[in-house]
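Spelled out, the chains give:
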Amino acid sequence: MKKSLIYTLFIFVLGLQAQAQNDKEYLSILNDISSNLKVVRTSESEWKQSLRASGSRPYVILMTIDGVDKKGKATKNIYEINLTDLDPSTLKYEARKDEMQVKAKTLKGQSFIKKTENDQTSKYAGEVVFYADNTDNARTLVEAFRKAVPAAQKIMEQSMKVNPSLNAFKDWLLVNISTIKYGEESYRQSLTYLDTQQPKVKFIQQKMEKGKTTEDVFELNLGDFDEKNITLSTKDPWAYIEIQTKNKLNYIRHIANGKLSKNDNSIRFYFDNIEKAREGKLWLEKSLPLTSQQQLNALPSFQGLSQALNFFKNAVKNSEGITQSLNAECQTVLQVKEGNNTLEYRFFWGDFNEKSSKITTSGSHFEFSIETANRLKYIEVWKNGEKQNYTSSLQFAAEDIETLRPLPNIVGSMIAACRDQRKLILPQGTYETKLSFINSKLGTIQSKNEETTQKIEKISACTAVFSQETKDSKKSISIKHEFSFSDIDPASVELQVSGSQVSIQLSTLNKEKAIKSFKNETPSDYLNGFKILANDLVTGLALRDTFKAIVTGCKK
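All of these numbers come straight from a predicted model, not from anything done at the bench.

Undergrad: Any details on the overall build of the protein? Residues and values, ideally.
TA: Helix and strand counts for the protein stand at 9 helices and 35 strands. For the protein, the C-alpha radius of gyration of 38 Å lies well beyond 24 Å, the compact-globule estimate for 556 residues. Taking the principal axes of the C-alpha coordinates as reference, the protein spans close to 115 × 70 × 45 Å. Taken across its 556 residues, the protein has 43% of its residues classed as buried. Long-range contacts, defined as pairs at least 24 residues apart, comprise 56% of the intrachain contacts of the protein with a sequence gap of at least 6. Of the accessible surface of the protein, which amounts to about 29,300 Å², a share of 47% is contributed by carbon and sulfur atoms.

Undergrad: I'd love a proper account of the sheet that holds strand β23 (residues 365–371), names of residues and values included.
TA: Taken in spatial order, the 3 strands make up an open sheet running β22-β23-β26, and their pairing is antiparallel. In this open sheet, the two edge strands, each paired with only one partner strand, are β22 (358–362) and β26 (393–398). Direction aside, the axes of adjacent strands within the sheet are offset by 30° on average. Strands β22, β23 and β26 of the sheet are contacted by helix α7 (residues 407–421), whose axis makes an angle of about 25° with β23.

Undergrad: A description of empty space enclosed by the protein should follow, citing residues and the corresponding values.
TA: The tally for this structure, following the rule as stated, stands at 1 cavity of 30 Å³ or more. As a volume, the largest cavity reaches approximately 40 Å³. As for the largest cavity, its lining consists of V60, E80, F112, K114, Y124, N273, I274 and E275. Grouping the constituent residues of the lining of the largest cavity by class yields 4 nonpolar, 1 polar and 3 charged.

Undergrad: Talk me through unusual backbone geometry; I want residue IDs and the actual numbers.
TA: Each neighbour pair has its own omega, and for D236 with P237 the value is 0°, a cis peptide bond. Structurally, P237 is set in the loop between β14 (225–235) and β15 (238–245). Here N247, not a glycine, exhibits a phi torsion of approximately 60°, which is positive. Structurally, N247 is set in the loop between β15 and β16 (253–256). Phi at N374 takes a positive value of approximately 60°, unusual for a residue other than glycine. Tracing the backbone shows N374 in the loop between β23 and β24 (380–383).

Undergrad: Please set out the sheet that holds strand β5 (residues 92–96) residue by residue, giving values where relevant.
TA: Taken in spatial order, the 3 strands make up an open sheet running β5-β6-β9, and their pairing is antiparallel. At either margin of the open sheet sits one strand with a lone partner, and together these are β5 and β9 (127–132). Each strand axis lies, on average, 30° off the axis of its neighbour in the sheet, ignoring direction. Examined bridge by bridge, β5 and strand β6 (residues 99–105) share 5 bridges and lie antiparallel to one another. Paired with Y93 across the strands is V102, a residue of β6.

Undergrad: So what's going on with the pattern of salt bridges? Residues and values would help.
TA: Any two side chains of opposite charge can pair, given that their charged atoms come close. Counted by the stated rule, this structure contains 25 salt bridges. Ionic pairing is found between E209 and K207, a salt bridge with its closest N-O pair at 3.2 Å. Connected through shared salt-bridge partners, D85, E275 and R278 make up one network.

Undergrad: Quick one: what's the story with the packing of aromatic side chains, residue by residue and with numbers?
TA: Overall, the coordinates contain 22 aromatic pairs when judged by the stated rule. On the numbers, 5.1 Å between centres and 90° between planes, the contact of F347 with W349 is edge-to-face. Here the two residues F347 and W349 agree in accessibility, since each one is buried. Chaining the aromatic ring pairs together yields one cluster made of F312, F347, W349, F352, F368 and F396. Positioned above the aromatic ring of Y193, the side-chain terminus of K170 is 5.4 Å from the ring centre. We note R422 situated over the ring of F348; from NZ or CZ to the ring centre the distance is 3.8 Å.

Undergrad: Requested: an account of the state of the cysteines, with residues and values cited.
TA: Under the defined criterion, the tally for this structure stands at 2 disulfides. Covalently, C330 is tied to C418 through a disulfide, its sulfur atoms 2.1 Å apart. Classification of the bridge connecting C330 and C418 rests on its S-S torsion, roughly -80°, and on that basis the disulfide is left-handed. Of this pair, C330 sits in the loop between β19 (322–326) and β20 (331–338) while C418 sits in helix α7, placing them 88 residues apart in sequence. Accessibility classification places C330 together with C418 in one group, the buried group. Sequence-ordered numbering of the bonded cysteines in the protein gives a pairing of 1-2, 3-4.

Undergrad: Can you explain the side chain of N82? Please cite residues and give values.
TA: Examined against the element boundaries, N82 turns out to sit in strand β4 (residues 74–82). For N82, a relative accessible area of 1% puts it in the buried group. Separated by 2.6 Å, the side chains of N82 and T84 make a polar contact. Within the structure, N82 has its side chain in polar contact with the side chain of E275 (distance 3.0 Å). For N82, the residues in contact, after removing those within four places along its chain, are Y59, V60, M156, E275 and R278.

Reading the values: rules and limits
- Residue indices follow the written sequence of each chain, beginning from 1 at its first position.
- Totals for whole chains, interfaces and linings use every residue, but because this is a predicted model, local features are given only for residues with pLDDT of at least 70 and side-chain atom pairs only at 80 or more, for both listing and counting.
- To obtain the side-chain values, all non-hydrogen atoms of the structure were used and water was disregarded.
- Helix numbers and strand numbers start at the N terminus; a helix is a DSSP run of H or I with at least 4 residues, a strand a run of E with at least 2.
- We take the radius of gyration over the C-alpha atoms and set the globule estimate at 2.2 Å times the residue count to the 0.38 power.
- Exposure classes here rest on a 1.4 Å probe applied to the protein chains alone. A residue is buried below 20% of its type maximum, exposed above 50%, and partly exposed in between.
- Any pair of residues with heavy atoms lying within 4.5 Å of one another is described as a contacting pair.
- The Shrake-Rupley method, run with a 1.4 Å probe sphere, supplies the accessible areas, and residue values consider only the shown protein chains as cover.
- Here, a strand pair is defined by DSSP locating no fewer than two bridges between the strands.
- Under this scheme, a helix contributes an axis fitted over its contacting stretch, all axes are lines through C-alpha atoms, and angles between N-to-C directions fall in the 0 to 180 degree range.
- Two kinds of site are reported from a 1 Å grid over the protein atoms alone, namely cavities, where a 1.4 Å probe fits but cannot get out, and pockets, open sets with protein on both sides within 12 Å along at least five of seven lines, and residues are called lining when an atom falls within 4 Å of a point.
- Grid points are joined across faces, edges and corners, and a volume is the space filled by probe spheres set on the points.
- Residues are grouped as follows: Ala, Val, Leu, Ile, Met, Phe, Trp, Tyr, Cys and Pro are nonpolar; Asp, Glu, Lys and Arg are charged; all remaining types, including Gly, are polar.
- Salt bridges are counted wherever a side-chain nitrogen of Lys or Arg sits within 4 Å of a carboxyl oxygen of Asp or Glu.
- For Phe, Tyr and Trp, where Trp contributes only its six-membered ring, two rings pair if their centres lie within 6.5 Å, and the inter-plane angle classes them as stacked under 30 degrees, edge-to-face over 60, or tilted in between.
- By definition here, charges over rings are those cases where NZ of Lys or CZ of Arg is within 6 Å of the ring centre and within 35 degrees of the ring normal.
- Note that a disulfide, as used here, is simply two cysteine sulfur atoms within 2.5 Å.
- What qualifies as a polar contact is a pair of N or O atoms within 3.5 Å, subject to a donor-acceptor requirement within protein and to the restriction that residues adjacent in sequence count only when both atoms come from side chains.

Okay, structure coming up:
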């Protein structure tokens, strides 16, 4: 323990010594620059130049350049420069008539240098220009600035250390995301935390410019933001940081001037100086992973299928202009009313692919969406009481993303449990019993313009006749198929969905034309297969499995 303490103290002392050495080296370079900033006289002007380091941020320098032209007109430019923003490769000098200029640009030309002209207007620039007395003086200044940049980087790294906790980060935001003013312009900014269990925030930003006030209200979860996608920028006279959500998902609810607007994927925090914005960027980079973890920890867990189904039921709420309801069952119905339309989606949770679930956005709404396994069209759709085409995907909306956020995490176990629970009521026993069950399920198939009745009758053991009569307003067509179940290929007995129609396909082994057919009681061509219609998906599945059972039994 004693050795460990001595080692820790040794490292600490070494750190202090390294910092002192860095400070000494940096101050020496600044003194070198300052001593070489001469009074420069040309035929047109005289320039007095000075430099000093910021007290709290020594890596930021203030360079003052006072000029007087030959007519006595005075100018004063003050550059506030974070030396770490300068690109050493751009430092150069050049002669302009009898004037020797020294120039430095920022990395990528970013407008990070605050320039104040004549104590009045501050603007951000991407370049600083000052003056040398002669070529040798210019070379000395260029060389000194090239040394100053990496030295300033070391000082800034020592100064800007953030070891955040979640509470410290939240406190920093509350204090520093605030009202800022410049002349007649202002940003009034405030944060309110909405939940103690997760980092939900209401962010209000009021902008006053040219006598006009606009207001934006954002509801967001800090855990949705990407710490690797934060940009620092300027927009005269402000500096700001812009934060993007992970994968640029539109997870931010936005109310603009009192009206619900489209969801957003980024927000901006404005500051009155770039160094405060730079500090904010560092806090966000270090702290956003903590909010992501808090968001993850806040997701609910469930005990059993019933609890999960009820959570889904409660998540389906009315949204703006939309009325929604969902039954808490594996075989269920989602009802959606919007305007004059009522839609019903009838489906079985066990038919879905759990990996396809996701939260998406549409305008001002958030949506939970999911697809069936293999994108099979197993979702029955009704619109205003009329059956529509089957579909393979489902969506329901919410105004609040937090309502939907837990769903992708629980839907997988819920789907698996519903699959285990699915029990089609299938007949056991004799061939005749199974045929009777099939007859009870065939019923009448009603479509917009026609009606189809179906039945199946025993001819002998493992042989049957299937009859189908279709009527519309003008005509009636009847067909019959005499066949042996032993001729049917078990692998061909499949459920098919086409448009709004569900059917069971039966085909013979090797596609042999062994099915005797009749049309309107007249013999027709022999066939190698035929379809049986079903009223809905559940009935179709029961018919498919019963037919398979008969075919398999007749093969023995």
